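Analysis of the macromolecular model
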Amino acid sequence: MGRWWGMTIHDRVWHKWYDDGVPPNVDFEDLTIDQIFDESVERYADRPAVVFLNSRLSYRQLRDHVDSLATALAGMGVGQDSRVAIHLPNIPQTVIAFFATQRLGAQAVMTNPLYVPRELEHQWNDAAVKVAITADFLFERHIRAMRDSLPVRHYVIASIPEYLRFPLNRLAPLRLKRMDPPTYAKVAPGPGIHRFRALVDATSPSPPSVDISMDDVALLQYTGGTTGVSKGAQLTQRNISYNVQQVTAWFPTVEPGREVLLAAVPYFHVLGLTCCLNWPIHAGAAMVLMPNPRDIPEMVKNISRHRVTLFPAVPAMFNAINHHPGVDTIDLSSVKACFSGSAPLSEEVQRRFETLTGSKIVEGYGLTETSPVTHANPMWGTRKIGHVGLPVPSTDARIVDPDPDPDTAEMPVGQEGELIIRGPQVMKGYWQMPEATDDMIRDGWLYTGDLAVMDADGYFRIVGRKKDLIIASGYNVYPDEIDGVLMSHPAVLDACTIGIPDERRGETVKAFVVRHPDRQVSEADLTGFCREQLAAYKVPTAIEFRDDLPKSAALKTLRRVLRDEVVPDA
């Protein structure tokens, strides 16, 4: 075997990839995000682009709103050296704001609506944000009281009802105000405060012409902070455009202008931004927007009502749909292809969802720093359950010694090590953090911090993170493996495993489990179940039952939060 899958790996692996219809490389087009958007408007002008409750925007209408907002933002001083915060759930204004920002060659700073003031203050001051596009309820909940601590000069205030048609535009405020917490508020006018829809409607669309380079930064995407301090990954026009083209090459049977995609993964998460926004725009698909990714009844209803064909999601969403009451009686057969990322997908969850829908789930892998997609199982041909698949076209991957001394040593096939990646989707670097950049990217290779194994067929399997690795009595224990075993039990809805200090073993294994609401299971039951499927040193010595587990806004389990609860000084 050679060092890089795309260069000297076994000829039989090359032939298998070709036989599966997966090209090893892509003939990339140098198209900026703005150019991709314009091309789709030209091709699919009258096709629906955005579907949101009882309203929709065609590609032509979307372009008009983008141009009006871009013109207004330019009037506020937004240009190529600007960073614009987009602090919204998945609503039409998020789509408009992102492409208006790209129209001006500015950098989007996608901001999680669940952030508390401390997190907002860190991100927006670090990025020197001068214009923020936020929701009315978020402005009143957090921002108004902290305006003096932020660098923002202009706030564009979006409201969920303003893009709805009658009668929902009248009824929605009453319902949204009753939610806990409320998701509608009246924002009093004042200096530097602009209403989104009023601004768009009052501005003639005439954005300035801007010369945008493929190497210009398009997105300052902050890491989730689940493994440390949140850092701003600088993703260029090339990074994002090429990654969208890589995803397109991976799904060759997608029919341009004819697909319907459920945009449930939040746009402030890089998986959502690439696979639920830029990819469907590139494909001329209709995007059905989901503001609340935890609203499973609405998610199921949208799939059935709008005949969704493409469903990028995270494992927690697939699992929740599998357990939705009465799901067996709902027609979900329109779904053709699903992409799963952000967390490991268990075999049982995958099989159950595919049985329900008749679709296929392609499990993949990526990072914020890689725009994000780097690996995926083929849609047709060999799919390996529990593997993240092959590197996507024009991407190189290696498994190296996680503790090299003195040089990076490549690990043999079948042996675990750190996954490193090289490709056009790898970020430019971290914003204003050269030392962190140099630690992450060395000689053109991005060091992921994830432990993985490559098999003889060139398929990759993630076994855990270096920081999550549990060393019990000298043995390496990977939490993801234990989580997968626990979640394969029919009475377990969710699970997360951590290592805790142990005087005798160094560390020992503790699991947190959420029971299925309709089933009972004891700690002894699960311990016995694990003993049947795991080596003795991997079996949890303690299992704690909880009503739920801490999740990020993208529904990724926050293992660090549980670890900090148990071992505060870890």
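Fair warning: this is a prediction, and the values are worked out from it, not measured in the lab. (Residues numbered from 1 in each chain as written. Predicted model: local features only at pLDDT ≥ 70, side-chain atom pairs only at ≥ 80, totals over all residues. Heavy atoms only, no water.)

Thoughts on the overall build of the chain
For clarity, the cut-off: Helix numbering and strand numbering both begin at the N terminus, where a helix is a DSSP run of H or I of at least 4 residues and a strand a DSSP run of E of at least 2. A radius of gyration in this sense is built from C-alpha atoms; the matching globule rule multiplies 2.2 Å by the number of residues raised to 0.38. Should any heavy atoms of two residues lie within 4.5 Å, those residues are counted as being in contact. The Shrake-Rupley method, run with a 1.4 Å probe sphere, supplies the accessible areas, and residue values consider only the shown protein chains as cover. Only four residue types enter the tally: Lys and Arg on the positive side, Asp and Glu on the negative side; His and the chain ends are excluded. In plain terms, the charge of a residue is placed at NZ if it is Lys, CZ if Arg, CG if Asp and CD if Glu.
The secondary structure content of the chain amounts to 17 helices and 27 strands. Here the C-alpha atoms of the chain give a radius of gyration of 23 Å, agreeing with the 25 Å that 2.2 N^0.38 yields for 570 residues. Overall, the chain is about 70 × 50 × 50 Å in size when its C-alpha atoms are taken along their principal axes. Residue pairs in contact within the chain that sit at least 24 positions apart in sequence constitute 68% of those at least 6 positions apart. Looking at the chain as shown, the accessible area adds up to about 23300 Å², and 48% of this sits on carbon and sulfur atoms. Seen as two clouds, the 58 positive and the 70 negative side-chain charges of the chain have centres 6 Å apart.

Comments concerning helix α10 (residues 270–283)
The α-helix advances 3.6 residues per turn, and as a result positions three or four apart in sequence lie on the same side. To keep things clear, this is the line we draw: Every helix has an expected span of 1.5 Å times one less than the residues it contains. Each residue's exposure class comes from its accessible area (1.4 Å probe, protein chains only) as a fraction of the maximum for that residue type: buried when under 20%, exposed when over 50%, partly exposed otherwise.
The terminal C-alpha atoms of α10 lie 18 Å apart, and with 14 residues this matches the ideal 20 Å at 1.5 Å per residue to within 8%. Where burial is concerned, most of α10 is hidden: 13 out of the 14 residues are buried. Looking one or two places after α10, you find G284, whose phi comes out positive at around 65°.

Re the pattern of salt bridges
Selection rule: A pair is scored as a salt bridge if a Lys or Arg side-chain nitrogen falls within 4 Å of a carboxyl oxygen belonging to Asp or Glu.
Taken as a whole and assessed by the stated rule, the structure comprises 31 salt bridges. The partner of R352 in a salt bridge is D328, with the nearest N and O atoms 3.2 Å apart. One end of the pair, R352, is in helix α13 (residues 347–357); the other, D328, is in the loop between α12 (315–322) and β13 (337–340), with 24 residues separating them in the sequence. Look at R352 and you get partly exposed, because its relative accessible area is 27%.

A look at the nonpolar core
Here is the rule we go by: Nonpolar cores were defined as sets of buried Ala, Val, Leu, Ile, Met, Phe, Trp, Tyr and Cys residues, with membership established by side-chain atoms within 4.5 Å.
Residues L62, L69, L73, F251, F311 and I321 are the most contacted members of the largest nonpolar core, which totals 127 residues. Top element by residues in this core is α10. It accounts for 9 residues. Among residues more than four places away in sequence, those in contact with I321 are I296, M299, V300, I303, F311, V327, L332, F353 and L356. Counting 20 residues, the second largest nonpolar core, distinct from the first, contains Y115, W124, I157 and I193.

Some details on the sheet that holds strand β26 (residues 506–515)
Short version of the rule: The pairing criterion for strands is at least two bridges between them, as found by DSSP. Fitted lines through C-alpha atoms serve as axes, helices being fitted only where they are in contact, and the angles separating the N-to-C directions of these axes extend from 0 to 180 degrees.
Pairing is mixed in the open sheet, where 3 strands are placed in the order β25-β26-β27. Edge positions in the sheet fall to β25 (492–502) and β27 (542–545), since each has one partner strand and no second. Strand-to-strand twist in this sheet, taken as the mean axis angle between neighbours without regard to direction, amounts to 25°. With 10 bridges joining them, β25 and β26 adopt antiparallel strand pairing.

Overview of the packing of aromatic side chains
Selection rule: Here the aromatic set is Phe, Tyr and Trp, taking the six-membered ring for Trp, and pairing holds for ring centres within 6.5 Å; pairs whose planes are under 30 degrees apart are stacked, those over 60 apart are edge-to-face, and all others are tilted. Only when the NZ atom of a Lys or the CZ atom of an Arg is both within 6 Å of the ring centre and within 35 degrees of the ring normal do we say a charge sits over the ring.
According to the stated counting rule, one finds 11 aromatic pairs in the structure shown. Joined through ring pairs, the aromatic side chains of F37, F98 and F99 make up one cluster. K231 extends its terminal NZ or CZ atom over the ring of Y430, reaching a point 5.2 Å from the ring centre. In this structure, R398 is placed above the aromatic ring of W445, and the distance from its NZ or CZ to the ring centre is 5.3 Å.

A short note on the packing of helix α5 (residues 117–127) against helix α6 (residues 136–146)
Heads up, the condition is: Orientation categories follow fixed angle ranges, with anything under 35 degrees roughly parallel, anything over 145 roughly antiparallel, 65 to 115 roughly perpendicular, and all other angles oblique. Two helices cross in a left-handed way if the nearer one is turned anticlockwise from the farther one by less than a right angle. They cross in a right-handed way if the turn is clockwise. The residue classification treats Ala, Val, Leu, Ile, Met, Phe, Trp, Tyr, Cys and Pro as nonpolar and Asp, Glu, Lys and Arg as charged. All others, Gly included, are polar.
Where α5 contacts α6, the two axes come as close as 10 Å, and the packing angle between them is 60°. Looking at the two axes, α5 sits oblique to α6. Viewed along their axes, α5 and α6 form a crossing whose handedness is right-handed. Of α6, the residues touching α5 (which contributes P117, L120, E121 and W124) are H142, I143 and M146. Of the residues that constitute the contact of α5 with α6, the class distribution is 5 nonpolar, 1 polar and 1 charged.

A short note on the environment of D216
Which entries qualify depends on this criterion: Any N or O atom pair separated by 3.5 Å or less is treated as a polar contact, with the protein-specific requirement of one donor-capable and one acceptor-capable atom, and with residues adjacent in sequence counted only for side-chain atom pairs.
Relative to the helices and strands, D216 resides in the loop between α8 (196–202) and β8 (217–222). D216 gets classed as partly exposed once you look at its relative accessible area, which sits at 24%. Sequence separation between D216 and V66 is 150 residues; the distance between their C-alpha atoms is 20 Å. Polar contacts involving the side chain of D216 include one to the main-chain amide nitrogen of S213, which spans 2.9 Å.

Looking at the confidence of the model for the chain
Detailed reading of predicted coordinates is not advised where the pLDDT is low. So the rule is basically this: One number per residue, pLDDT, summarises how confident the predictor is, and it ranges from 0 to 100.
With 93% of its residues at a pLDDT of 70 or more, the chain has an overall mean of 90. Of the regions scoring below 50 in pLDDT, residues 1–18 engages in 47 contacts with residues more than four places distant in sequence or in other chains.

Here we look at unusual backbone geometry
A cis amide bond links F166 to the next residue, P167, at an omega of 5°. Secondary-structure assignment places P167 in the loop between β6 (154–158) and α7 (168–178). Following S371, the chain continues to P372 via a peptide bond in cis, the omega torsion being 5°. Take P372: it is sitting in the loop between β14 (360–366) and β15 (373–376). At L53, a position not held by glycine, the phi torsion is positive, near 50°. Along the chain, the position of L53 falls in the loop between β1 (48–52) and β2 (55–58). Phi is positive for D443, close to 55°, though the residue is something other than glycine. Accessibility expressed as a relative area gives 78% for D443, which makes it exposed.

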